[in-house]
Amino acid sequence: MQRRPERDLARVAAVDAAALERDALAALAEAETADDVERVRVEYLGRKSALKLALREVRDRETGIALNTLRETLEAAIDAREAELSRAELDRRLTEERVDVTMPGERALRGHLHLITQIRREFEDIFLGLGYTVVDGREVETTRYNFDALNFPPGHPSRSPLQTLFLDDETVLRTETSPAQIRTMEAQEPPVYMVSLGRVYRRDTPDATHSPTFHQAEGLAVDEGITLADLLGTLDYLCKQLFGSDRKTDFRTHHFPFTEPSVEAYVSCHLCDGSGCTVCRHSGWIEVGGSGMVDPNLFEFVGYDPERYTGFAFGWGLERIAVLRHGIPDLRELWRNDPRLLGQF
Amino acid sequence: MRAPLSWLREYVTTSATVEEIARRLNVSSLEVERILDVGVADVDGNVGRFLVGRVLEAGAHPNADRLRVCQVDVGEGDARQIVCGAWNFEAGATVAVALPGALLPVLDAPLDERELRGQASRGMILAEDEVGLGDDHAGIMVLPDGIEPGTPLVDVLPIRERVLDVTPTVNRVDLLSMVGLAREVAALTGGELRLPDVEDPAVVDEEPVDVTIEDFERAPRYVGRLFRNVAIGPSPQWLRARLHFAEMRPISNVVDVTNYVMHVYGNPLHAFDLAKLAGGRIVVRRARDGEELRTLDGTLRRLVPEDLVIADGERAVALAGIMGGEETEISEEATSVLLEAANFEPLGILRSSERLALRTAGSNRWEKGVDAYLAEPAAELASRMIVDLAGARMTGHLDVHDGLPEPPVVRFRPGRADHVIGLEVTDAEQRSILEGFGFDVSPEWDVRVPTWRARDVTREVDLVEEVARAVLDHVPLTLPLRRHVRGRLSKDQRLRRLVEDVLVGAGLSEAYTWSLAASDPRPDAIRLPDPMTADQVVLRTTLLPGLVEAARVAVETGVEERIGRFEIARVYLPSGEQLPEERWRLGAIVQGGYAAAKGVAETLYDALHADLAVRRVTHPLLHPGKAAETDAGILGELHPTLLEGEWGALELDLTTLFAAAPDAVEYEDVLTYPAVRQDIAVAVEEDVEVGALVAAAREAGAPLLREVRVFDVYRGEQVGEGRKSVALHLAFQSPERTLTDEEAAELRETIVARLAERFGAELRA
């Protein structure tokens, strides 16, 4: 252990160590700024300071130790004072500096996904989570896939050029996304769990609730043991995912060429909770989409055994979800790409 | 279709309320759009203020020529004085009376006792429109004699009625009839069906009916009946009221009967003035080419051989199943009637009705396929009513057909229904459901389909549907077992989402634009032969015009700092085959010139870990000097004629683009050993592309040159006319060791030498 020199006896060489220490510490105590501290450092520890000069001239070990101890003491005191002052300065800044927290921030430019894309992804994700794949069907179709394979009887109004856009007698712009179901079933054996979303085309005069192009989302499940109960359970889950877990569902008999039995799904109105409002036309229920058990004729068309396999299919309109859930008053606005609308979603 | 409740309840006894009936029908049968309340208000005993009255005296009004002062017995002992403006009745007539205080649908305030030109009037003798039973206001309602004065009017006439407004699906034409609805209600509510009990009038003074069917395929059946001594006149009030509720206009008794019976059975009927039928004949045949017929709506129609007509001995007298002809319609003078209760095939009716743009209550039913067996009961009910209401004699009956179709018999397994529905329904219950809907079920489950469902139910699965719809409210909510599922987006689908997200992050917003455009740069783009509008004519082969329009909208709106739009959609490229080649494309348009488009492309390729290489091209939608192509598409400055200002645009084929994106990125060690960074500047001729310099540098510096980046291009006196100085940032790095300064210098030399050799580049720094 190093022996601590006696301060009283520390008058060594040409300096009075005790006086030096006293003076330095006093000067340091008076230092109010970093510059003041720096001046103290130069005066007492600088190259031309008495201490440094004495250290350069010292010859005996004892004096050397004493002076070095003094140097260390002064250095530590200076550092401490410096830290103290900078801490005080920080405290002052922290006390004084304020912003108006309600001022706007500096934003990065951000774009927006179209509302229909957002709904499309949501729909896809719901079914991806259930184990379904997403199929991109083609939009220009043969009448064979758009009508015949889907069991549309001759004379069905959809087959008329009054309702459907024909390119020639045997080619149409698809009127529903269902041809993708046929093409998928043709290409693979069951089980099939798929959804298909995209543009469909009908000869509808545009108005607030009709657009000649709109987006359909369809699902198909074909497997051993698929039941109507499975369909209703799936639609119930879908309704709750899209419109809220408090929603109730109701199912009513309907008729479509491609399903038997056929069911129309209704969801309890999310706006009035069933008590009646203009959105649900005072019925408390909102029609959300058609569905049913795949007609065995479709299975025969694609070569599936209708005894062994059963399946369900359903079709929804994405715009309809946008209208119901987000209150879009006019479908045509979704095609105008007005940034004031796009930017809301 | 409108179904008045009191009429419906004539055919079905059920304890169910109208709301319950509507609910059950909605779930299991058809859409009940709404329940209408018609007639007088049912509040504060209002219905009780309407009574049957007998006119005891009908005298002149002393102060008004057009008014009469009546004394009316309404069962109160003393007669009431009522002033009346109608003249279609005399003393002794049975009439409908509203007492003071009554609320009438046509009045804003309750009926008052009041004085009319000095004569007290304590009530009102009612016309049909005043209680919602019709539109006629020409005279008051004259009721049949024999009803006790004071009888509540509601016991005699449906002045208080609720009407179901229903829309059956196309396969359920049987529900476009009161009987069909009643059968459904009985089955669904546990009620009892009571079909109309009709005593077919006997044929008297029989005479032959001359009916020939030339085309049994189009007209499988024709029941013709003759009536003589027919007294055409208005229908009784109850019949007028029912037609009114069912949205049909009362015309005259015989015509009203045909409409009424159509509503009861769903089998449209027609009545001809027999005297106007040449030769008293009916021939059901195809129209002759160019044959003309003036239909009941007054329109002269030119027919084609695809149209089926009812003809007499000489000419077409009706468009079969769609509309009668004007010349042979039942006028007030008619005394002999030929009643038609036929059956027509649906498709032919549909085609003619579409071609002629003529849809009627009749064609609406025929085109869906009416049960051929209905013609007989419909003819019987109509005959009974014509005899009863028009005092006629039925003098002839003929039923022409070529054999009626046997209804199908379908083998059914109740277990199959359970299997499809996912709910166990007992055999007994399934049997009872089917029988309730009119199916005849044998002990071995051979199910005979009722004739009125024969077109719709032909297979076991159709019977499964019958069971399913009956139990639909009880079906549990389950999810499929999904033992073999694999739900994931494909690579392209994942990358499409990535592209969307990257572009949104870069400040672009997604636009949706139409697949059909007014025109397309490709002359061979696919055109619609019969477009809806002039701006949706051709299937687009490029997304850019739609995006230009979206950008124009954005400029007009003027709310954005920097406009950027993109769209991911299909284009439709002519393929020479039936179906075009559909390609997924990305289109984008951003404010700024070439560099803006290039920047978007670079961000995108970077996000996909794909290399972007561009070559100069020309493209009709791009500025000729500022256009490039990549392996996947084009990018450049939008041609200035398309949109004011400087815009960058790009259009990339996503399948091609995504093929260049690696499935997984392999790690490259850039952390262990430091890079040596050096900058060089070389002067080259103006037409040397910086891309070529970079490529040459890369080639010369491989494999240790890890990065080459152009960071400045300078033109000025020091470089000389027609030349430019290109500054390149170079980074050399080895994954195995720290490079020495000498190695880096050597590589730099090699690169400079290569640039000098290939481009005459002079090193400036």
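Cut-offs and rules
- Residues numbered from 1 in each chain as written.
- Chains lettered and ligands numbered in written order.
- Predicted model: local features only at pLDDT ≥ 70, side-chain atom pairs only at ≥ 80, totals over all residues.
- Heavy atoms only, no water.
- Helix = DSSP H or I, 4+ residues; strand = E, 2+ residues; numbered from the N terminus.
- Rg over C-alpha atoms; globule rule 2.2 N^0.38 Å.
- Contact = heavy atoms within 4.5 Å.
- Areas by Shrake-Rupley, 256 points an atom, 1.4 Å probe, with all protein chains shown as cover.
- Buried < 20%, exposed > 50% of the residue type's maximum accessible area, 1.4 Å probe, protein only.
- Phe/Tyr/Trp six-rings, centres within 6.5 Å; stacked < 30°, edge-to-face > 60°.
- Lys NZ or Arg CZ within 6 Å of the ring centre and 35° of its normal.
- Core = buried A, V, L, I, M, F, W, Y, C linked by side-chain atoms within 4.5 Å.
- Salt bridge = Lys/Arg side-chain N within 4 Å of Asp/Glu carboxyl O.
- Buried area = accessible area lost by both parts, 1.4 Å probe.
- Polar contact = N/O pair within 3.5 Å; in protein donor to acceptor, adjacent residues only side chain to side chain.
- Nonpolar A, V, L, I, M, F, W, Y, C, P; charged D, E, K, R; others polar.
- Axes fitted to C-alpha atoms, helices over the stretch in contact; angles between N-to-C directions.
- Parallel < 35°, antiparallel > 145°, perpendicular 65-115°, else oblique.
- Left-handed = near helix turned anticlockwise from the far one by under 90°.
- Domains from an automatic or database assignment.
- Pairing = 2+ DSSP bridges.

(A) Structural context of the overall build of chain A. Helix and strand content of chain A: 11 helices and 12 strands. Rg of the C-alpha trace for chain A: 41 Å, well past the compact-globule value of 20 Å for 345 residues, more than 25% over. Along the longest, intermediate and shortest principal axes, the C-alpha atoms of chain A span 120 × 45 × 45 Å. Partitioning the contacts of chain A with sequence separation of at least 6, the portion at a separation of at least 24 is 66%. Of the roughly 16,400 Å² of accessible surface on chain A, a fraction of 49% belongs to carbon and sulfur atoms.

(B) Main features of the overall build of chain B. Of the regular secondary structure elements, chain B holds 17 helices and 40 strands. For chain B, whose C-alpha radius of gyration is 42 Å, the value lies well above the compact-globule estimate of 27 Å for 765 residues. Principal axes of the C-alpha set define a box for chain B whose edges measure 130 × 75 × 60 Å. Counting the 765 residues in chain B, one finds 54% classified as buried. Accessible surface, chain B: about 33,800 Å² in total, of which carbon and sulfur atoms supply 48%.

(C) Here's a closer look at the packing of aromatic side chains. A full pass over the atoms with the stated rule returns 18 aromatic pairs over all chains. Look at Phe123(A) and Phe127(A): their rings are 5.2 Å apart centre to centre, the planes differ by 35°, and that puts the pair in the tilted class. Remark: Phe127(A) and Phe123(A) occur in helix H5 (residues 115-129); sequence separation between them is four residues, near one turn of the helix. Note on accessibility: Phe123(A) and Phe127(A) belong to one class, buried. Every member of this aromatic cluster is reached through a ring pair, and the members are Phe123(A), Phe127(A), Tyr132(A), Tyr193(A), Phe312(A), Phe314(A) and Trp316(A). Over the ring of Trp452(B) we find Arg183(B); its NZ or CZ atom is 3.6 Å from the centre of that ring. For the cation-ring pair, Arg469(B) lies above Phe437(B), with the distance from its terminal atom to the ring centre recorded as 3.9 Å.

(D) Structural context of the nonpolar core. Residues Trp316(A) and Leu164(B) are the most contacted members of the largest nonpolar core, which totals 169 residues. Other than its neighbours up to four places away in sequence, Trp316(A) contacts Phe123(A), His215(A), Gln216(A), Ala217(A), Leu235(A), Leu238(A), Cys239(A), Leu242(A), Phe243(A), Val288(A), Gly289(A) and Ile321(A). Among the nonpolar cores identified, the runner-up in size contains 29 residues, and Leu113(A), Leu503(B), Leu608(B) and Leu650(B) belong to it.

(E) View of the pattern of salt bridges. Within this structure, the stated rule accounts for 98 salt bridges over all chains. One salt bridge connects Arg120(A) with Glu124(A), and the closest N-O pair in it is separated by 3.0 Å. Residue Arg120(A) and its partner Glu124(A) are both found in helix H5; the two are separated by four residues, about one turn of the helix. Per residue, the accessibility class of Arg120(A) equals that of Glu124(A), and both read buried. Taking the shortest distance from any N to any O, the salt bridge between Arg332(A) and Asp330(A) comes out at 2.9 Å. With a relative accessible area of 16%, Asp330(A) lands in the buried category. Put simply, Arg172(B), Asp174(B), Glu184(B), Arg453(B), Asp456(B), Glu466(B) and Arg469(B) are held in one network by salt bridges that share partners.

(F) How the structure looks around the interface of chain B and chain A. If you look at the interface, chain B gives 88 residues, while chain A gives 87 residues. Summed over both partners, the interface of chain B with chain A buries about 7,200 Å², with 55% contributed by carbon and sulfur atoms. Among the residues of chain B in contact with chain A, Tyr512(B), Trp514(B) and Met532(B) are the three that bury the most area, contributing 11% of the side total. At the surface where chain B touches chain A, the tally comes to 11 salt bridges. Linking chain B with chain A are 45 residue pairs in polar contact (both at pLDDT 80 or more). With seven residues, helix H12 (residues 491-505) of chain B is the single largest residue contributor to the side of chain B that touches chain A. Within the side of chain B that touches chain A, the residues separate by chemical class into 38 nonpolar, 19 polar and 31 charged.

(G) Layout of the packing of helix H16 (residues 690-701) of chain B against helix H17 (residues 741-759) of chain B. All names here are of chain B. Across the interface, H16 lies against H17 with an axial gap of 9 Å and an inter-helix angle of 135°. As judged from the angle between their axes, H16 and H17 are oblique. Considering the relative orientation of H16 and H17, their crossing is right-handed. Across from Ala692, Leu693, Ala696, Ala697, Glu699, Ala700 and Gly701 in H16, the residues of H17 making contact are Leu747, Thr750, Ile751, Arg754, Leu755, Arg758 and Phe759. In the contact of H16 with H17, the residues fall into nine nonpolar, two polar and three charged.

(H) The domain arrangement of chain A, seen in detail. Annotation of chain A at the domain level lists domain 1 (11-96) and domain 2 (115-342). One C-alpha centre belongs to domain 1 of chain A, the other to domain 2 of chain A; they are set 84 Å apart.

(I) Looking closely at the sheet that holds strand S21 (residues 316-319) of chain B. Residue and element names in this part refer to chain B. Within the open sheet, the five strands sit side by side as S14-S17-S20-S21-S22. Their pairing is mixed. Either end of the sheet is taken by a strand with one partner, and the two such strands are strand S14 (210-213) and strand S22 (323-324). Inspection of the sheet shows strand S17 (residues 281-286) paired to strand S20 (residues 308-311) by four bridges, in the antiparallel sense. Bridge assignment links valine 284 to a residue of S20, and that residue is isoleucine 310.

(J) Quick peek at the side chain of Ser363(B). Its place among the elements puts Ser363(B) in helix H7 (residues 361-366). Once residues lying within four places of it in the same chain are set aside, the contact partners of Ser363(B) are Gly321(B), Ile322(B), Ile349(B), Ser353(B) and Leu358(B).

(K) Quick look at unusual backbone geometry. Of note, the amide linkage connecting Pro190(A) to Pro191(A) takes the cis form, showing an omega dihedral of 0°. Here the bond from Ala702(B) into Pro703(B) is cis, since omega is -5°, no more than 30 degrees from zero. Structurally, Pro703(B) is set in the loop between H16 and strand S38 (705-714). Positive phi values are uncommon outside glycine, yet His282(A) reaches one of about 60°. Within the fold, His282(A) resides in the loop between strand S10 (259-268) and strand S11 (285-294).

(L) Structural context of the pairing of strand S12 (residues 160-167) of chain B. Residue and element names in this part refer to chain B. Bridge analysis of strand S1 (residues 2-4) against S12 gives three bridges, and the strand direction is antiparallel. Bridging from a neighbouring strand, alanine 3 pairs with leucine 164 of S12. Two strands pair when backbone bridges link them, and strand S3 (residues 31-39) and S12 are joined in this way by eight bridges, in the antiparallel orientation. By the bridge assignment, valine 32 is partnered in S12 with valine 166.

(M) Spotlight on the packing of H5(A) against H12(B). At their nearest, the axes of H5(A) and H12(B) sit 13 Å apart, and the two run at 140° to each other. Handedness of the H5(A)/H12(B) crossing: left-handed. Facing Thr117(A), Arg120(A), Arg121(A), Glu124(A), Asp125(A) and Leu128(A) of H5(A), the residues of H12(B) in contact are Arg496(B), Arg497(B), Glu500(B) and Asp501(B).

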